[in-house]
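# Observations on the three-dimensional arrangement
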Amino acid sequence: MQVLGNVRIASIDKGTGQVALSEPSVVVTEGAMIAWVGSAADMPGEYRDAERRDGGGRVVTPGLIDCHTHVVFGGNRAREFEMRLEGASYEDIARAGGGILSSVRDTRAASEDALLAQALPRVDALLAEGVTTLEIKSGYGLEVEAELKMLRVARRIGQARPVSVRTTWLAAHALPPEHARDRAAYLRDVVIAGMDRAHAEGLVDAVDGFCEGIAFSPAEMAQVFDHAATLGLPVKLHAEQLSDLGGAALAARHGALSADHLEYLGDDGIAAMAASGTVAVLLPGAFYTLRETKLPPVAALRRAGVPIALATDCNPGTSPMTSLLLAMNMGATLFRMTPSECLAGVTLHAARALGLDDRGAIMPGLRADLAVWDIDHPAELAYRIGFNPLHARIVGGKFV
């Protein structure tokens with residue numbers, strides 16, 4: 001049992017997402033959980049002899065949650081960054097064999113140990129900014145063994161570092177060249193058969209896909225989601241990034257945890273997400289890197305009461321970003337989200353986007369995943385650029 005005293009707690013209203021900052025307070029942790037929160041004067045006597053730490057008046061938020069990453073991959077795509085600056089579009093690069101397929105070649109060629117060694121510095125950068133829960137997708141293998149290899153590395157990250165890792169099966173990310181003439185075989189033999197393998201080996205927590213003209217159709221993704229349901233796996237979807245194919249509505253009909261990107265999301269998709277409780281995960285890093293001009297409909301999502309999360313989308317091509325604090329700043333400056341919405345988007349709503357109801361807020365009975373900051377107000381986390389005010393991370397009740 002530990003008492004973290006003299007801290008100001010950033011509490012997030014579950015209904016409005018607004019953030020309030022407490023007067024100096026106490027957080028009591030017992031094991032991995034929060035046991036009590038309140039003023040020092042009101043602290044029950046049973047906690048008065050517990051080990052104490054003085055927070056020095058610092059601000060405490062829930063531990064940050066990066067709910068959409070592709071942090072395990074081989075190689076890099078710096079040359080494609082140059083190509084985009086020279087005028088090539090995302091679709092041009094993909095159809096020329098670059099994009100995702102470039103990362104596929106490097107990922108297939110790398111060993112598990114090599115992929116882990118490449119991923120850990122990216123993970124460490126995220127943890128250094130207060131991340132305590134991290135989602136990691138497959139999707140750069142596009143063959144069963146390579147996809148499983150990625151998820152094994154993701155699980156190893158959770159063992160090698162003090163962070164909770166959630167894994168996502170994303171074999172429906174792109175069509176590899178060897179299946180270019182037989183999409184049905186790829187869905188059957190890799191996406192669905194591989195999902196069965198990943199589930200049997202305990203490697204997968206959710207299932208995702210890329211629903212877009214250069215990837216998979218809504219009808220194809222429906223097949224994937226139907227199979228995920230037979231395994232009891234929740235689903236999510238890359239949707240409406242480059243066009244409106246109705247992917248978000250499809251995801252909502254399948255009770256998806258989240259629909260992600262959403263720049264081209266229309267009113268029908270918003271209504272479907274609001275009805276199903278599907279979280280909108282916005283990814284400003286990809287918007288910025290691709291120099292997009294079509295903004296996601298933040299105001300309409302807000303009016304409809306759709307929970308909005310933010311994530312880095314850390315990946316080698318369209319969002320080579322390992323800063324969730326920068327994603328918060330981009331959410332505010334590019335998407336016009338409020339600082340409170342940005343903080344809720346990387347805590348409370350990010351937890352919901354992963355189907356985790358045991359974290360994302362500072363309340364008794366939730367996990368003691370906390371971030372302690374050298375700031376005066378939580379708005380500073382979205383306001384500053386290139387500055388990391390983290391003082392300490394607490395993961396499962398342990399200072400790290």
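Please refer to the structure higher up on the page.
The following refers to the structure shown.

Scoring rules and cut-offs
Residues numbered from 1 in each chain as written. Predicted model: local features only at pLDDT ≥ 70, side-chain atom pairs only at ≥ 80, totals over all residues. Heavy atoms only, no water. Buried < 20%, exposed > 50% of the residue type's maximum accessible area, 1.4 Å probe, protein only. Helix = DSSP H or I, 4+ residues; strand = E, 2+ residues; numbered from the N terminus. Pairing = 2+ DSSP bridges. Arc of directions from axis to C-beta. Contact = heavy atoms within 4.5 Å. Polar contact = N/O pair within 3.5 Å; in protein donor to acceptor, adjacent residues only side chain to side chain. Axes fitted to C-alpha atoms, helices over the stretch in contact; angles between N-to-C directions. Parallel < 35°, antiparallel > 145°, perpendicular 65-115°, else oblique. Left-handed = near helix turned anticlockwise from the far one by under 90°. Nonpolar A, V, L, I, M, F, W, Y, C, P; charged D, E, K, R; others polar. 1 Å grid on protein atoms, 1.4 Å probe; cavity = no way out; pocket = protein on both sides within 12 Å on 5 of 7 lines; lining within 4 Å. Points joined across faces, edges and corners; volume = space filled by probe spheres on them. Salt bridge = Lys/Arg side-chain N within 4 Å of Asp/Glu carboxyl O.

## Observations concerning the pairing of strand β15 (residues 370-373)
Neither face of β15 is exposed, since L370 and V372 on one face and A371 and W373 on the opposite face are all buried. With 4 bridges connecting them, β15 and strand β16 (residues 390-395) associate as antiparallel partners. Bridging from a neighbouring strand, L370 pairs with I394 of β16.

## Some words on helix α9 (residues 267-276)
Burial in α9 covers these residues: G269, I270 and M273. Here the buried residues of α9 occupy an arc of 100° about the axis, which is enough to place them on one side. For α9, the exposed residues lying more than 90 degrees away from the buried face are D267, D268 and A275. Buried residues along α9 sit in contact with α8 (247-253), β12 (258-261), β13 (279-282) and α11 (298-304). The positive-phi residue at the C-terminal boundary of α9 is G277, with phi of around 80°.

## Some remarks on the side chain of R77
Mapped onto the elements, R77 comes out in the loop between β7 (64-66) and α1 (78-85). Within polar-contact distance, the side chain of R77 engages the side chain of S103 at 3.0 Å.

## Re the packing of helix α4 (residues 112-127) against helix α5 (residues 144-160)
The packing of two helices is summarised by the inter-axis angle and the distance between the axes. Contact geometry of α4 with α5 gives a least axis separation of 10 Å together with a crossing angle of 50°. Between α4 and α5, the angle is such that the two are oblique. Relative to α5, α4 is oriented so that their crossing is right-handed. Here E112, D113, L115, L116, A119, L120 and V123 of α4 come into contact with α5, specifically with K149, R152, V153, R156, I157 and A160. Split into classes, the residues belonging to the contact of α4 with α5 amount to 8 nonpolar, no polar and 5 charged.

## Considering the layout of surface pockets
The calculated volume of the largest pocket comes to roughly 440 Å³. Lining the largest pocket are 23 residues, and of these K14, G15, P307, L348 and H349 lie nearest its centre. Taken together, the elements giving at least two residues each to the lining of the largest pocket come down to α11, α13 (339-345) and α14 (348-353). If you add up the space inside the second largest pocket, you get close to 320 Å³. What lines the second largest pocket is a set of 19 residues, among which A94, L101, A174, L175 and I214 lie closest to the centre. Of all the secondary-structure elements, those providing two or more residues to the lining of the second largest pocket are α2 (90-95) and α3 (100-109). For the lining of the second largest pocket, the element with the highest residue contribution is α2, accounting for 3 residues. Of the residues assigned to the lining of the second largest pocket, the class counts are 12 nonpolar, 4 polar and 3 charged.

## Things to note about the pattern of salt bridges
According to the stated counting rule, one finds 24 salt bridges in the structure shown. In this structure, E112 and R156 form a salt bridge, with 3.5 Å as the shortest nitrogen-oxygen distance. Taken together, the positions of E112 in helix α4 and R156 in helix α5 put the pair 44 residues apart, joining distant regions of the chain. Close ionic contact of D358 with R359 constitutes a salt bridge, the shortest N to O distance being 2.8 Å. Here the salt bridges do not stand alone but share partners, grouping E112, D113, E145, R152, R156, R197 and E201 into one network.

So far we have only geometry, and geometry alone does not tell us how the molecule works.
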